[in-house]
Amino acid sequence: MKNILFASSECVPFIKTGGLADVVGSLPKDFDKEKYDCRVVLPKYMCMKQEWVERLEYITNFYMDFAGEDRYVGIFKTELNGVTFYFIDNEFYFSGFAPYDGDPKWNIEKFSFFCKAVLSILPVIGFRPDLIHCHDWQTGLIPVYLDNFRFFGEYYRGIKTVMTIHNLKFQGVWDTKTVQGITGLPDYYFVPDKLEAYKDANMLKGGIVYADKVTTVSHSYAEEIKTPFYGEGLDGLMAARSNDLCGIVNGLDYNDWNPDTDHRIAKTFNVENFRKNKPVNKAALQEELGLDKDNHVMLIGIVSRLTDQKGFDLIDYMMDEMCQDAVQIAVLGTGDPKYENMFRHFAWKYAGKVSANIFYSDDLSHRLYAGCDAFLMPSLFEPCGLSQLMSLRYGTLPIVRETGGLKDTVEPYNEFEKTGTGFSFSNYNAHEMLNTVRYAERIYYDKKRDWNKMIERAMAQDFSWMNSARQYEDLYRSLIGE
Ligand code: ADP
Ligand code: GLC
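Since the structure is predicted, the reported quantities are computational estimates derived from the model, not experimental observations.

A. Expanded view of the overall build of the protein. Secondary structure assignment for the protein yields 19 helices and 18 strands. In summary, the protein has a C-alpha radius of gyration of 23 Å against a globular reference of 23 Å for 482 residues, a match within 12%. Projected onto the principal axes, the alpha-carbon positions of the protein cover approximately 70 × 45 × 40 Å. Counting across all 482 residues of the protein, residues that qualify as buried make up 59%. Once the 53 positive and 68 negative side-chain charges of the protein are each reduced to a mean point, those two points are 2 Å apart.

B. Quick peek at helix α11 (residues 274-289). An ideal rise of 1.5 Å per residue puts 22 Å on 16 residues; α11 measures up with 21 Å between its terminal C-alpha atoms. For α11, the full list of buried residues reads F274, N277, K278, N281, K282, L285, Q286 and L289. For α11, the elements touching its buried residues are β13 (298-306), β14 (327-335), β15 (354-357), α14 (362-371), α17 (430-446) and α18 (448-460). Two residues or fewer after α11 comes G290, characterised by a positive phi angle close to 70 degrees.

C. Structural context of the sheet that holds β14. Across the sheet, six strands lie side by side as β15-β14-β13-β16-β17-β18; this open sheet has parallel pairing. Every other strand in the sheet has two partners, leaving β15 and β18 (423-425) as the edge strands with one partner each. When strand polarity is set aside, the average angle formed by the axes of neighbouring strands in this sheet is 15 degrees. Inspection of the sheet shows β13 paired to β14 by nine bridges, in the parallel sense. Bridging across to β14, R305 finds its partner in T334. α14 rests against β13, β14, β15 and β16 (374-377) of the sheet, and its axis sits at about 145 degrees to β13.

D. Highlighting the pattern of salt bridges. Tallied over the full model, the rule gives 26 salt bridges. Across the pair R438 and E321 runs a salt bridge, and its minimum N-O distance is 3.7 Å. Within this pair, whereas R438 is found in helix α17, its partner E321 is found in helix α12 (residues 312-322), the two being separated by 117 residues in sequence. For E321, a relative accessible area of 34% corresponds to the partly exposed category. As a salt-bridge pair, K453 and E456 come within 3.5 Å of each other at their nearest N and O atoms. Of the two residues, K453 and E456 are both situated in helix α18; the distance of three residues between them amounts to about one turn of the helix. E456 sits in the partly exposed class, given a relative accessible area of 23%. Beyond isolated ion pairs, a larger network of salt bridges with shared partners links K213, R241 and D244.

E. Region of interest: the packing of aromatic side chains. Counting across every chain of the model gives 39 aromatic pairs. Measuring from centroid to centroid gives 5.6 Å for W257 and Y369, while their planes differ by 85 degrees, and the two rings are edge-to-face. You can see W257 sitting in the loop between β12 (245-247) and α11 and its partner Y369 sitting in helix α14, a full 112 residues away along the chain. When its relative accessible area of 7% is taken as the criterion, W257 is described as buried. Note on Y369: relative accessible area 2%, which makes it buried. Ring geometry for F423 versus W451: centroids 5.8 Å apart, planes at 25 degrees, classification stacked. Taken together, the residues span a long stretch of sequence, with F423 in strand β18 and W451 in helix α18 at a distance of 28 residues. The same class applies to F423 as to W451, namely buried. Taken together, the aromatic side chains of Y45, F66, F92, Y93, F94, W106 and F113 make up a single cluster linked through ring pairs. Note that K44 overlies the ring of F76, its terminal NZ or CZ placed 4.7 Å from the centroid.

Reading the values: rules and limits
Residues numbered from 1 in each chain as written. Chains lettered and ligands numbered in written order. Predicted model: local features only at pLDDT ≥ 70, side-chain atom pairs only at ≥ 80, totals over all residues. Heavy atoms only, no water. Helix = DSSP H or I, 4+ residues; strand = E, 2+ residues; numbered from the N terminus. Rg over C-alpha atoms; globule rule 2.2 N^0.38 Å. Buried < 20%, exposed > 50% of the residue type's maximum accessible area, 1.4 Å probe, protein only. Lys, Arg positive; Asp, Glu negative; His and termini not counted. Charge placed at Lys NZ, Arg CZ, Asp CG, Glu CD. Expected span 1.5 Å × (residues − 1). Contact = heavy atoms within 4.5 Å. Pairing = 2+ DSSP bridges. Axes fitted to C-alpha atoms, helices over the stretch in contact; angles between N-to-C directions. Salt bridge = Lys/Arg side-chain N within 4 Å of Asp/Glu carboxyl O. Phe/Tyr/Trp six-rings, centres within 6.5 Å; stacked < 30°, edge-to-face > 60°. Lys NZ or Arg CZ within 6 Å of the ring centre and 35° of its normal.

Shape descriptors only; they carry no functional weight alone.
Shown next, in the form of structure tokens:
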């Protein structure tokens, strides 16, 4: 039996801002339980839902030297679906209204604390991982601290690390002197072949340099990040580590995301009865969102963090034109005020046709995936993307840009060969996007049979964790054996 510890800043169902939480919340369940005892460690945020906070069991506490003081480290624990979750408690650091809030420097201090605490709790909880699997910049210092801890004792020697990049855009960067002061790490680490990048200290870079293996969440993104356009300044490092870098595409929790059993949607459906039942969801959604009640019109959904990454500039540019067509657009998202206001504006301008839901709601997201005909995701870059996988599962055909995981998971419609599960375009160009949306409209209105066949193929795809969990197991095996 091998011990694996996931370290992350987010995890469903405890705390979520994006796809990272979905991945960390679902993947540990799918490892072979005979071979792997996979546990998860998270910060104990005050902003977690009360129902979860109440479930946590207090274990113990101790004090850890950090940022020049002795800091309280509380440990809580719970078990869910056969997986053990540890929570690191410190109200000074984890009492914000959201996991990432305040100024970037504060986030760096908070997650540096988390990284050091993750290693410090291990002897106390009696779980010595053979391998720590780190996720994104918030956990980037774990491999670095591990390297540093090795000098102080036997316990930490031989623990392997994997660093998974869910989004290279976020790296946890601040000036070297400050980060040195916060982390207490020696000068030795703050040089260009270690933590330093462009004169600053870079937490993710530290993780990438010190991890035994580096992964990202699709094959295409693993290639893309070796190029300057997608590399976010670290393309050289990614190329240098390419022997230890691989892409493993994300899966979905097929129990949580199952249109045949989903209690949050108006009427459950499957690949056999979607022709009859999916329209019931569409009608209910139109009613709920105040859209014109018209089952014939093509309803396009968007569920997303509202950031530059997701291609909203293209949508902004083309929204007026798209709204001349026979389509409705339903948006669920929060983020950059620029895009929040843009959608509010279009919802006012095209009342009954555009619905802007500027908030976060798991429930509504399910109803959107179930009730829409198509899903628009024209990302500038997309490490994997889960929304398009959810859409496929609910027979809502994705319209995507061919980048990262979108390219790897959505097969474009070929009207001659009658293949494909969605629509895609290649360049980050507003007219290309509009043409592709209009092409999808033509198929939807004029070739309904083809459209429905495409839904059948989309719903029959398997993006459960089945395959990808085995690939992670292979990777672990290469580092820690059977
Ligand atoms: P990213 O991680 O870059 O945000 P993904 O497509 O991987 O993109 O994952 C996004 C996840 O967040 C999906 O589960 C999506 O349904 C969810 N999501 C995004 N915005 C909202 C929202 N406003 N309400 C509910 N769920 C949302
Ligand atoms: C990141 C990426 C997204 C990916 C998710 C989970 O947030 O933006 O593409 O699906 O992480 O890996």
